[in-house]
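Report on the structure
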Amino acid sequence: MREQLTKYMSEKGKKTLPAFSAASGTLGTVADVMEPISPFAQYLYFISLGALLILFTGALLVIKWRELLAAPILFFIISASINGGIYYLQSPEQPQGILASHIDLFAKLQGSLGIMEKSLAQIDKNTQDIASSNKDIAKHTENTAKAVEKLNDNLDKIIKGQSSGGILAEPKTAQDYYHNARLFELSGDYRGARQAYLNYFRFQEDYIDTHLRYQSFLKIQEGSSGAREIYAEQFAGQNSISVQFARLMLLPMAQRRERLTSFVVQHSDYTPAWYELSRLASERLLGQQTSADKLEEKRALEQVISLHQQGQWVKHYLDHEQLNSQLEDVNTRSQALAVISEQGLKQSLSFTPSVSNSGLQINLQYTDTPKEIFYKTVEMTDYKSTGQSNWKDPQTGHTLPNTFIMLPTNTSSPQIIQAKYIDLKGNEVGPFNYAFNAEQHVAMAQREMLNMTKNAWLMLRDFNDETLVYFSQLATSRCAIQRVQYSLDSDKLDKELVLPPCNTKQPFNIPESFAGYIRADKAIQTVTVQVTFFDQTQSSIETYSK
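Residues numbered from 1 in each chain as written. Predicted model: local features only at pLDDT ≥ 70, side-chain atom pairs only at ≥ 80, totals over all residues. Heavy atoms only, no water.

Helix and strand content of the protein: 18 helices and 18 strands. Considering the protein as a whole, with its 546 residues, one finds that 41% of them fall into the buried category. (Helix = DSSP H or I, 4+ residues; strand = E, 2+ residues; numbered from the N terminus. Buried < 20%, exposed > 50% of the residue type's maximum accessible area, 1.4 Å probe, protein only.)

On to the state of the cysteines. According to the stated counting rule, one finds one disulfide in the structure shown. The disulfide bridge from C479 ends at C502, spanning 1.9 Å between sulfur atoms. Judged by the torsion about the S-S bond (90°), the C479/C502 disulfide is right-handed. One end of the pair, C479, is in the loop between α18 (472–476) and β14 (481–488); the other, C502, is in the loop between β15 (495–497) and β16 (517–521), and 23 residues separate them in sequence. (Disulfide = S-S within 2.5 Å.)

Okay, the pattern of salt bridges next. A complete count under the given rule lists 19 salt bridges for this structure. Salt-bridge contacts for E496 lead to R483; the nearest nitrogen and oxygen are separated by 3.3 Å. Here E496, found in strand β15, pairs with R483, found in strand β14; they are 13 residues apart in sequence, far enough to count as distant. One network of salt bridges, in which partners are shared, links R257, D293, E296 and K425. (Salt bridge = Lys/Arg side-chain N within 4 Å of Asp/Glu carboxyl O.)

On to the packing of helix α12 (residues 271–280) against helix α14 (residues 291–309), then. Direction vectors running N to C along α12 and α14 enclose 155°, while the axes themselves pass 8 Å from each other. When the axis of α12 is compared with that of α14, the two are roughly antiparallel. With respect to the hand of their crossing, α12 and α14 are arranged in left-handed fashion. Contacts from T271, W274, Y275, L277 and S278 of α12 reach α14 at E296, E297, A300, L301, Q303, V304 and L307. In terms of residue class, the contact of α12 with α14 is made up of seven nonpolar, three polar and two charged. (Axes fitted to C-alpha atoms, helices over the stretch in contact; angles between N-to-C directions. Parallel < 35°, antiparallel > 145°, perpendicular 65-115°, else oblique. Left-handed = near helix turned anticlockwise from the far one by under 90°. Contact = heavy atoms within 4.5 Å. Nonpolar A, V, L, I, M, F, W, Y, C, P; charged D, E, K, R; others polar.)

Across the sheet, which stays open at both edges, the three strands sit in the order β3-β4-β9 with antiparallel pairing between neighbours. Sheet topology places β3 (349–356) and β9 (404–407) at the edges, where each strand pairs with a single neighbour. In this sheet, adjacent strand axes meet at a mean angle of 20° when their direction is disregarded. Here strand β4 (residues 359–366) runs beside β9; their pairing, made up of four bridges, is antiparallel. Paired with Q361 across the two strands is M406, which belongs to β9. (Pairing = 2+ DSSP bridges.)

This part covers the sheet that holds β16. Read across the sheet, three strands follow the order β12-β13-β16 without closing on themselves; strand pairing throughout is antiparallel. Whereas interior strands pair on both sides, the edge strands pair on one side only; in this sheet they are β12 (459–463) and β16. Mean inter-strand twist for the sheet, computed between neighbouring axes without regard to direction, equals 30°. Examined bridge by bridge, strand β13 (residues 466–470) and β16 share five bridges and lie antiparallel to one another. By the bridge assignment for β16, V469 is matched with I518.

The α-helix advances 3.6 residues per turn, and as a result positions three or four apart in sequence lie on the same side. The end-to-end C-alpha separation of α14 is 27 Å, in line with the 27 Å expected for 19 residues at 1.5 Å each. Looking only at α14, the buried set comprises S291, D293, L295, E297, K298, A300, L301, V304 and L307. The secondary structure elements touched by the buried residues of α14 are α11 (253–266), α12, α13 (283–286), α15 (320–337) and α16 (342–346). Looking at the residues trailing α14, positive phi occurs at G311, about 80°. (Expected span 1.5 Å × (residues − 1).)

Attention shifts here to α12. Buried residues dominate α12, accounting for nine of its 10 residues. Of all the residues in α12, the buried ones are T271, P272, A273, W274, Y275, E276, L277, S278 and L280. Those residues of α12 hidden inside the fold are in contact with α9 (208–234), α10 (241–249), α11, α13, α14 and α15.

Counted by the stated rule, this structure contains 21 aromatic pairs. A ring pair is formed by W313 and Y317, whose centres lie 6.5 Å apart and whose planes are at 75°; its orientation type is edge-to-face. Y317 shares its class with W313; the two are buried. An aromatic cluster is defined as three or more aromatic residues linked by ring pairs; in this entry it consists of Y178, Y190, Y197, Y200, F201, Y214, F217, Y231 and F235. (Phe/Tyr/Trp six-rings, centres within 6.5 Å; stacked < 30°, edge-to-face > 60°.)

Moving on to the confidence of the model for the protein. As a note on interpretation, predicted positions should not be read in detail where pLDDT is low. In the predicted model, the protein carries a mean pLDDT of 83, and 79% of its residues have values of at least 70. Averaged pLDDT values for the elements of the protein fall to 46 in strand β1 (residues 163–164) and rise to 96 in α12. With pLDDT under 50 throughout, residues 116–124 is counted as low confidence; its partners more than four residues away or in other chains account for five contacts. Below pLDDT 50 for its whole length, residues 154–164 participates in 13 contacts with residues either more than four positions away or in separate chains. (pLDDT = per-residue confidence, 0-100.)

Among the nonpolar cores identified, the biggest contains 47 residues, and Y214, Y231, F245, L260 and W313 are the most heavily contacted of them. Those elements that provide at least two residues to this core are α7 (174–187), α8 (190–201), α9, α10, α11, α12, α14 and α15. Those residues in contact with W313, other than ones at most four positions away along the chain, are T271, P272, Y275, V304, L307, H308, L323, Q326, L327 and V330. Among the nonpolar cores identified, the runner-up in size contains 23 residues, and L497, V529, V531 and F533 belong to it. (Core = buried A, V, L, I, M, F, W, Y, C linked by side-chain atoms within 4.5 Å.)

The following block contains the structure:
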């Protein structure tokens, strides 16, 4: 076979050897020039070797193919020789390749094509990525070492036939017993799983995920109540932080939340407890969240993220599968809560002043849906309900309370008015305080009206041979105004309108002595005005035309 194949190759080589050599040499040159981007010479060398192996096998098995395969075999021998030589001659000290390292022409070619720049940019990016991950690598080094040791030990035992189906026949370490417990559990061998868990806990390692997995296993077998009794009895003599926390995890949700709130005061750096607190306050678990729930969830998540950055989370987990799932959950919920104002959650009931000739009014705004709202002034001995409206909350179906408080005009001022509400869970929230001052209340309410009615501040009207400029809107809202400047057919604002004093008892009434308009020449076309409000802020400059 060898003599026959050599003969065929010799015959084919007379015709194709120059072309094959030129093609292989060209490919080798291009691969060497492209070396800064990727080791193409290495790729071509091993591709050629693989092709030769396939072609030689075909020639060995099928005699009639030998003449046909002679030319491809010759080509790949030449390709393997050239690219293999380049591959073995290259060294780390020549990142630009052999040719560019010794011949300026090829170096310039690389520069013109931007090959080295791409390579350097990639190297710089990789360096930055490596630097940024060094901290994470350091955190995981200890656990990784343990996992590798365990894996090697398990592989040795499997190779020696000492294990069956992944179960370690002769477990020795805590990790071995936990490994067996998980596999027994997954295979449905609950008796074997329980015994393996018991053996694992004899080592008294302080990982929380192993306790939580064991509790889940017990709940399936014994129910929540049975799991709580068995766990309490089994760990009665232990008081590690993981056991303390795990005991709380078997309590009913409301009791668990209350106890965990006290637990994190004593163990403020125990991240699993903060994570569980955030979960217990989440919409996913509660269904309907109050502002207090959102605030608690937001603060707990912030604590989790801070402690995780300090390396105070990963160390509590033996198996990182559960940790990775919780990390993803933290990122998702913290992003959703990041846009919510913490101050808005704290002040879940806010006050907006309003006014009319029938009295002063406080409009109430809430972030929770209340079942009922109550308020109290200094003149009242007890809280009074605002009453129920005719509207229903489309999400809950509950009738909504009235969201305003009517105060008579003779309400004493200043004073603190208090309001509170009952949320949908029946919890009393508040009280929230409103610092009531009659003059400021009226001024703030009228400024809000003026800001919404800027197009009606002035009105120009031709009457006989003159123009009447009516300031009625500004006059009725004068409690919000300190000064009115205006000008005719210019923007100089060189005139001032004198308004009558504010009367908080009848804030919209205009005295009979005030005309409410000025007379101007009939030829004027525009009036420009600017208002300075009671708190020294100024309106935009507005111009009104006939």
